[in-house]
Amino acid sequence: FGLYRPGIGQFSVDLNGNGVNNAVGETFSGWPAGAVEVIGDWNGDGDADLGTYNIGTGALSRDLNGDGVFQFGSEQNSFISPTTAADQPIVGNFSSTNAGVEVGLYQPSTGQFSLDANDSGVVNTGESVFTFPAGGTVVIADWDGDGIDERGTFNSTTGVLWRDQDFAQPGSALLPVQTTFLAGS
């Protein structure tokens, strides 16, 4: 388990799995304060690495070498400028060509996903921008079991889960699948 303290930019992580945070070697300070945590396998080694995203500036800070320490400059880039405080950073294995995971931003007000599919630190022309119905909560999962994550949204008011079943095909049309659950679930 782990805990991120955004007010002071500090992660506390139970690395040895004993259910207790051992302050020495399991507390990582110096991360940008005021950001939200984003965790992903940034370097493709199979282990989850620390990261933060600043919704106000669009700055993504990632621990690229897996040491838990943030090196300003070499491990920070700006990838997507947010539009509102409700925008949500997303992390997933959206490409079969990258060793690690990719990042993006979901904007609930518009239903738009913007993904940095080539891990360049910005969403380039021609990269993934997809739109779902507005107002949902983002859900990222490997819906079809092929090892590549797909996007989805869930609207708890209507009970509708929209998911993209064909994202793994580059250039394919967005094919959301609508599934209805009980409203309020």
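For clarity, every value in this text was computed on a predicted model and none was experimentally measured.

**Some details on the overall build of the protein chain**
- When helices and strands are counted, the protein chain shows one helix and 15 strands.
- The 185 residues of the protein chain split such that 39% are buried.
- The long-range share in the protein chain, meaning contacts at least 24 apart out of those at least 6 apart in sequence, stands at 31%.
- As presented, the protein chain carries roughly 8,900 Å² of accessible surface, and 55% of it is formed by carbon and sulfur atoms.

**Concerning the packing of aromatic side chains**
- For the structure shown, the criterion picks out three aromatic pairs.
- An angle of 35° between the planes, with centres 4.5 Å apart, marks the rings of Tyr4 and Phe11 as tilted.
- On the accessibility criterion, Tyr4 (9% relative accessible area) is buried.
- Here Tyr106 and Phe113 contribute two aromatic rings whose centre-to-centre distance is 4.6 Å and whose plane-to-plane angle is 35°, an arrangement assigned as tilted.
- In this structure Tyr106 comes out as buried when scored by relative accessible area, which is 0%.
- Three or more aromatic residues link up through ring pairs in this structure, and these residues are Tyr4, Phe11 and Trp31.

**Considering the environment of Glu102**
- Mapped onto the secondary structure, Glu102 falls in strand S9 (residues 102-107).
- Given the relative accessible area of 1%, Glu102 is considered buried.
- In the structure, Glu102 is positioned eleven residues away from Val91 in sequence and 5.9 Å away in space, judged by C-alpha atoms.
- Aside from chain neighbours lying at most four places away, what touches Glu102 is Ile90, Val91, Gly92, Asn93, Phe94, Ser95, Asp116 and Ala117.

**Examining the environment of Leu15**
- Along the polypeptide, Leu15 turns up in the loop between strand S2 (10-13) and helix H1 (23-26).
- On a C-alpha basis, the gap between Leu15 and Phe1 in space is 8.0 Å, while along the polypeptide they are 14 residues apart.
- In this structure Leu15 touches Gly25, Glu26 and Phe28, once residues within four positions along its chain are discounted.

**Overview of the side chain of Asp41**
- Tracing the sequence through the fold places Asp41 in the loop between strand S4 (36-37) and strand S5 (51-53).
- Buried charge Asp41 goes without a salt bridge, the closest partner of opposite sign being Arg62 at 10 Å.
- Only 3.1 Å separates the side chain of Asp41 from the backbone nitrogen of Asp45, close enough to count as a polar contact.
- A polar side-chain atom of Asp41 sits 2.9 Å from the main-chain amide nitrogen of Gly46.

**Some thoughts on the sheet that holds strand S1 (residues 2-5)**
- Read across the open sheet, the three strands follow the order S1-S2-S3; overall the sheet is antiparallel. Each edge of the open sheet carries a strand with a single partner, namely S1 and strand S3 (27-28).
- As paired elements, S2 and S3 share two bridges and run antiparallel to each other. Opposite Ser12, over in S3, you have Thr27 as the bridge partner.

**Some points on the sheet that holds strand S8 (residues 88-92)**
- Across the sheet, which stays open at both edges, the four strands sit in the order S8-S9-S10-S11 with antiparallel pairing between neighbours. Looking at strand neighbours, the two that pair on one side only are S8 and strand S11 (129-131), the edges of this open sheet. Put simply, the sheet's adjacent strands are angled 25° from each other on average, direction ignored.
- The sheet contact formed by strand S10 (residues 112-115) and S11 spans three bridges and is antiparallel. Paired with Ser114 across the strands is Val129, a residue of S11.

**Observations regarding the environment of Gly58**
- The topology assignment puts Gly58 in the loop between S5 and strand S6 (59-62).
- Expressed as a C-alpha distance, the spacing of Gly58 and Ala35, which sit 23 residues apart in the sequence, is 9.7 Å.

Conventions used here
- Residues numbered from 1 in each chain as written.
- Predicted model: local features only at pLDDT ≥ 70, side-chain atom pairs only at ≥ 80, totals over all residues.
- Heavy atoms only, no water.
- Helix = DSSP H or I, 4+ residues; strand = E, 2+ residues; numbered from the N terminus.
- Buried < 20%, exposed > 50% of the residue type's maximum accessible area, 1.4 Å probe, protein only.
- Contact = heavy atoms within 4.5 Å.
- Areas by Shrake-Rupley, 256 points an atom, 1.4 Å probe, with all protein chains shown as cover.
- Phe/Tyr/Trp six-rings, centres within 6.5 Å; stacked < 30°, edge-to-face > 60°.
- Lys, Arg positive; Asp, Glu negative; His and termini not counted.
- Salt bridge = Lys/Arg side-chain N within 4 Å of Asp/Glu carboxyl O.
- Polar contact = N/O pair within 3.5 Å; in protein donor to acceptor, adjacent residues only side chain to side chain.
- Pairing = 2+ DSSP bridges.
- Axes fitted to C-alpha atoms, helices over the stretch in contact; angles between N-to-C directions.

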